[in-house]
Amino acid sequence: MITSRNAGFFGIAACVLFVAAVLMFGALRPSYSHAKNTISELGALGTPNAAPWNVIGFIVPGLLLAVAGGAIAVSVGSNRSRTHTIARWLLVVSGLAIAGQGIFAAEMANGVAVVTSWHTKAHFIMSLISGITWIIGALLLFTPMKRNSNWCGWRTISIALVILAVAGVFTLQGRLPDGLAQRIVDAIYFGWFVSMSLRLVQLGGKRATGLAT
């Protein structure tokens, strides 16, 4: 049985695992720069340790985030409204799309993505889906958070992180090295999941309805 508390730990674990994997696999490549190189390069087809990175860095964290995202929406929603249901599945899909980036690894040549490759296109689509579904899902939870006494104090944090992420996507590219710009936006994304997952843990062992059978 998956409880809200367990799902919260899953969300926190996903973020810790992702960061640790980025640091560890980046360290295994002497020429890799966290400021210049994108995270996808760690799992690009044909690169050293690509397979283990895609599993540890993308697939496992993504699956954990899918569970946590669904539990967050279930905990926030005080009723079975259509908006609540959509938000729940969008957050689940966001996590699954992170996992999808590991399943569909990008193809790169000399550190540059081969945009004509279907592998790269699928990888970029998964990345786009993970971001868009999270943004919409988090925004849809704003009103339910306001109505839920357990979550009303967290809606400002949630909306602030979404706004920062959107602003980062449109303002950081071209002004900062690609790797650094990507990591700042990713930090906001994972920061949202950590914050909301911590709240799940605080709320205790209530069953995450709909996630357990």
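Note: the structure precedes this text.
Residues numbered from 1 in each chain as written. Predicted model: local features only at pLDDT ≥ 70, side-chain atom pairs only at ≥ 80, totals over all residues. Heavy atoms only, no water.

Moving on, we get to helix H7 (residues 178–203). Its 26 residues place the ends of H7 38 Å apart at the C-alpha level, agreeing with the 38 Å of an ideal helix rising 1.5 Å per residue. Positioned one or two residues after H7, Gly-204 has a phi angle of 95°, which is positive. (Helix = DSSP H or I, 4+ residues; strand = E, 2+ residues; numbered from the N terminus. Expected span 1.5 Å × (residues − 1).)

For helix H4 (residues 118–140), built from 23 residues, the straight-helix expectation of 33 Å at 1.5 Å per residue is met to within 8% by its first-to-last C-alpha distance of 32 Å. Every buried residue of H4 is listed here: Thr-120, Ala-122, His-123, Met-126, Ser-130, Thr-133, Trp-134, Gly-137 and Ala-138. Those residues of H4 hidden inside the fold are in contact with helix H2 (50–76), helix H3 (82–103), strand E2 (112–113), helix H5 (142–147), helix H6 (155–171) and H7. For H4, the N-terminal capping position is held by Ser-117, with its side-chain oxygen 3.2 Å away from the main-chain nitrogen of His-119. (Buried < 20%, exposed > 50% of the residue type's maximum accessible area, 1.4 Å probe, protein only. Contact = heavy atoms within 4.5 Å. Polar contact = N/O pair within 3.5 Å; in protein donor to acceptor, adjacent residues only side chain to side chain.)

The contact between helix H1 (residues 4–27) and H2 brings their axes to 8 Å, and the two run at 160°. Judged by the angle between their axes, H1 and H2 are roughly antiparallel. H2 is crossed by H1, and the crossing has left-handed handedness. Contact with H1, carried on its side by Ala-7, Phe-10, Gly-11, Ala-13, Ala-14, Cys-15, Leu-17, Phe-18, Ala-21, Val-22 and Phe-25, involves Pro-52, Trp-53, Ile-56, Gly-57, Phe-58, Val-60, Pro-61, Leu-64, Leu-65, Val-67, Ala-68 and Ala-71 of H2 and no other residues of that element. (Axes fitted to C-alpha atoms, helices over the stretch in contact; angles between N-to-C directions. Parallel < 35°, antiparallel > 145°, perpendicular 65-115°, else oblique. Left-handed = near helix turned anticlockwise from the far one by under 90°.)

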